[in-house]
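# Chain and residue survey
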Amino acid sequence: MRDGSGDEYFIVFSAAGAGACVRGLGHESVMSPCGNDGKPWPGVIDDVLEVFKSFVEEPAFTDEDGVPAVTVCLWREETAEDYYEVSVDLAAVSDLYALRPLSQELVSSLNSEVTLADLAQVISEIGYPQDL
């Protein structure tokens, strides 16, 4: 997506759903390479995973000097369960993304220590549908 005024973002999905990377540029941002001596803001792309480096360094997404045009970069691999160190029920996650109503069974399939009542305030704040 390019807005015609210098701001843009691009999303790449790796093969077979193994992850995704988002790279964006807010050309007027203080983090823009234009206002940072022609370099990406420290930390924005320093730790990009190897699988996504070619996307960040792609000539179509760099300036005329080969500097990545980026003010934001985030990525996710398919291995999100590594963060919580537990296996995640893919069907339950799919139900959440599909906004299927929450039930105690669905909540328990993701975390057996949490009840639907524990989540009542958050559910109300975000307006998530639930079984009644």
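Before reading further, recall that the structure is shown in the block above.
So, here is what we can say about the structure in this document. Since this is a predicted model, take the numbers as computed values, not measurements. (Residues numbered from 1 in each chain as written. Predicted model: local features only at pLDDT ≥ 70, side-chain atom pairs only at ≥ 80, totals over all residues. Heavy atoms only, no water.)

## Considerations on the pattern of salt bridges
Note the following rule: For salt bridges, the criterion is a side-chain nitrogen of Lys or Arg within 4 Å of an Asp or Glu carboxyl oxygen. For the purposes of this entry, the term helix denotes a DSSP run of H or I that reaches at least four residues, the term strand denotes a run of E that reaches at least two, and both are numbered from the N terminus. When a residue's accessible area, from a 1.4 Å probe over protein chains only, is under 20% of the maximum for its type it is buried; when over 50% it is exposed; and in between it is partly exposed.
Applying the stated criterion across every chain yields a total of 3 salt bridges. Between Glu-8 and Arg-23 there is a salt bridge; the shortest N-O distance is 2.8 Å. Taken together, the positions of Glu-8 in strand β1 (residues 8-13) and Arg-23 in strand β2 (residues 19-25) put the pair 15 residues apart, joining distant regions of the chain. Classification of Glu-8 by relative accessible area gives buried; the value is 13%. Classification of Arg-23 by relative accessible area gives buried; the value is 0%. Of the charged contacts, one joins Arg-100 and Asp-95 as a salt bridge, the two residues approaching to 2.8 Å between their closest N and O atoms. The partly exposed category is assigned to Arg-100, whose relative accessible area is 44%. Residue Asp-95 is classed as partly exposed on the basis of its relative accessible area of 24%. Each of Arg-2, Glu-8 and Arg-23 takes part in one network of salt bridges that share partners.

## Looking at the environment of Tyr-97
Within the element layout of this structure, Tyr-97 appears in helix α3 (residues 90-97). With relative accessibility at 72%, the residue Tyr-97 sits in the exposed group. Separated by 27 residues in the primary sequence, Tyr-97 and Ser-124 place their C-alpha atoms 17 Å from one another.

## Concerning unusual backbone geometry
At Asp-37, a residue that is not glycine, the phi angle is positive and equals roughly 55 degrees. Counting through the fold element by element, Asp-37 comes out in the loop between β2 and α1 (50-57). You can call Asp-37 exposed: its relative accessible area is 71%. Positive phi, normally seen in glycine, also occurs at Leu-99, with a value near 60 degrees. Along the chain, Leu-99 falls in the loop between α3 and α4 (104-110).

## Some remarks on the sheet that holds β2
Where we set the bar: Strand pairing is assigned whenever DSSP detects at least two bridges linking the two strands. Axis lines are fitted to C-alpha atoms, over the contacting stretch for helices. Their N-to-C directions set the angle, which ranges from 0 to 180 degrees. Contacts between residues were defined by any pair of non-hydrogen atoms, one from each residue, lying within 4.5 Å.
Strand order in the open sheet formed by 3 strands is β1-β2-β3, and the pairing between neighbours is antiparallel. Looking along the sheet, the strands with just one partner apiece sit at the ends: β1 and β3 (72-77). Sheet twist, expressed as the average angle between the axes of neighbouring strands with direction ignored, equals 10 degrees. The pairing of β2 with β3 spans 6 bridges and is antiparallel. Its bridge partner lying in β3, Gly-24 is registered against Val-72. Relative to the sheet, α1 contacts β1, β2 and β3, its axis offset from that of β2 by approximately 30 degrees.

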